[in-house]
Amino acid sequence: MAKEELIEMRGRVEEVLPDSRYRVQLDNGHGIVAYTAGKMKKHRIRILAGDNVSLEMSPYDLTKGRITFRHIDGRGGPPPARRPAPR
């Protein structure tokens, strides 16, 4: 597995923690601590307890993640991930 490969998961925010972190319950039942991605901070996207989110996790530490998208009922999902062109 390459170092750049991330694991994409979905979950629900259970609790808002200090320092802009969140306790997230994944769809598979595991709980992790996650923070918001840079674009979400830049555009001031608010995340509340109970929101469904998509997140990325490193295969090296499965207890932490980065929230990349907040799902809103009635809207589509995140755009498809771009794969870098092979060199």
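To keep things clear, this report deals only with the structure shown in the data block. Values in this document were obtained by computation on a predicted structure and should not be read as measured data.

Conventions adopted
Residues numbered from 1 in each chain as written. Predicted model: local features only at pLDDT ≥ 70, side-chain atom pairs only at ≥ 80, totals over all residues. Heavy atoms only, no water. Helix = DSSP H or I, 4+ residues; strand = E, 2+ residues; numbered from the N terminus. Buried < 20%, exposed > 50% of the residue type's maximum accessible area, 1.4 Å probe, protein only. Salt bridge = Lys/Arg side-chain N within 4 Å of Asp/Glu carboxyl O.

1. Some details on unusual backbone geometry
- At Asp19, a position not held by glycine, the phi torsion is positive, near 65°.
- Here Asp19 lies in the loop between strand 1 (7-17) and strand 2 (21-26).
- Here Asp19 falls in the exposed class, since its relative accessible area comes to 64%.

2. Let's talk about the pattern of salt bridges
- In the structure shown here, the tally under the stated rule is four salt bridges.
- Here Arg23 ties to Glu15 by a salt bridge, and the two come within 3.2 Å at their closest N and O atoms.
- Residue Glu15 is classed as partly exposed on the basis of its relative accessible area of 37%.
- With a shortest N-O distance of 3.0 Å, Arg70 and Asp51 are connected by a salt bridge.

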